[in-house]
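Below, each chain spelled out in residue letters.
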Amino acid sequence: YIDQSLKPLPAATKDIQAVETVLRYPNMGGFDDVQILPNPERQLMEESIEALFRSRSRDDVLLLYFSGHGIKDDSGKLYFATRTTRKDAIRSTAVSASFVHEVMNDSRSKRQVVILDCCFSGAFAKGMRTKDDQSVDVRAQLGGEGRALLTSSTAMEYSFEQQGQDLSLYTFHLVNGIWTGEADLNRDGWISVLDLYQYT
């Protein structure tokens, strides 16, 4: 049974492919290990998120990107929809933000970036705890320590696809800013998380 109220988001698959391209590109992201999950089931998504944050060193830079439906339950808790998510059974069919918080908190990595392109994505910061007195701050640089969170919406807002465009509005600007270099707002030759935050 597929919940018909969660309309397909064709841009989401293209979003993750576009982000994968800039992450892998040596002069942009330079990430050596990138895994994409187009339209996964809940268990695979949870296993992959846990594997991303597990068995890492303190200096590893970890980046989690999600594009898709963000939904909230009756108590306002955020969940990330999967292809089998049903609104009448959110807890058992979607990935909870609290699950992601837990695996992030258990990770040894001190460099964590989360980018969310979904409705209500700003709600992810709620319940997010800091490690070792590091603040949850978008000013954290990829080369520094801490956590950075970039979201396409506040805890109360919707996110949008662009009519006639392949990518969602937020991811289009995120990728374009990196690809063209326009997101390097201070023109220092590097695009920091703060640059991306301000640009997008």
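Refer to the preceding data block for the structure.
Predicted model, so just to flag it, every value in this text is computed and none were measured.

Cut-offs applied
Residues numbered from 1 in each chain as written. Predicted model: local features only at pLDDT ≥ 70, side-chain atom pairs only at ≥ 80, totals over all residues. Heavy atoms only, no water. Helix = DSSP H or I, 4+ residues; strand = E, 2+ residues; numbered from the N terminus. Contact = heavy atoms within 4.5 Å. Areas by Shrake-Rupley, 256 points an atom, 1.4 Å probe, with all protein chains shown as cover. Pairing = 2+ DSSP bridges. Buried < 20%, exposed > 50% of the residue type's maximum accessible area, 1.4 Å probe, protein only. Polar contact = N/O pair within 3.5 Å; in protein donor to acceptor, adjacent residues only side chain to side chain.

Undergrad: What's the story with the overall build of the protein chain in this structure? I'm lost.
TA: Check the secondary structure of the protein chain and you find six helices and six strands. Overall, the protein chain shows an N-to-C arrangement of helices and strands of α-α-β-β-β-α-β-α-β-β-α-α. For the protein chain, restricting intrachain contacts to residue pairs at least 6 apart in sequence, the fraction spanning at least 24 positions comes to 64%. A total accessible area of about 11,100 Å² is found for the protein chain, and carbon and sulfur atoms account for 48% of it.

Undergrad: Help me understand the sheet that holds strand 4 (residues 95-96) in this model?
TA: The strands that make up a sheet pair up through hydrogen bonds in the backbone, lying either parallel or antiparallel. Spatially, three strands are ordered 2-3-4 in an open sheet, and the strand pairing comes out antiparallel. The open sheet is flanked by strand 2 (70-72) and strand 4, the only strands paired with a single partner. As defined by bridge partners, strand 2 adjoins strand 3 (residues 78-80) across three bridges and the pair is classed as antiparallel. Looking at strand 3, one finds that Lys72 is bridged to Leu78.

Undergrad: Just checking my understanding: could you explain the pairing of strand 6 (residues 146-151) for this structure?
TA: If a strand is regular, its side chains alternate between the two faces of the sheet. In terms of burial, strand 6 is a largely internal element, five of the six residues being buried. By the bridge criterion, six bridges tie strand 5 (residues 111-117) to strand 6 in an arrangement that is parallel. The partner of Gln112 across the bridge, within strand 6, is Arg147.

Undergrad: Got a minute to help me understand the environment of Arg83 in this structure?
TA: Mapped onto the elements of the fold, Arg83 is located in the loop between strand 3 and helix 3 (90-93). Look at Arg83 and you get partly exposed, because its relative accessible area is 41%. Considered as a pair, Arg83 and Pro38 are 45 residues apart in the sequence and their alpha carbons are 9.5 Å apart. At a separation of 3.1 Å, a polar atom in the side chain of Arg83 contacts the main-chain carbonyl oxygen of Asn39.

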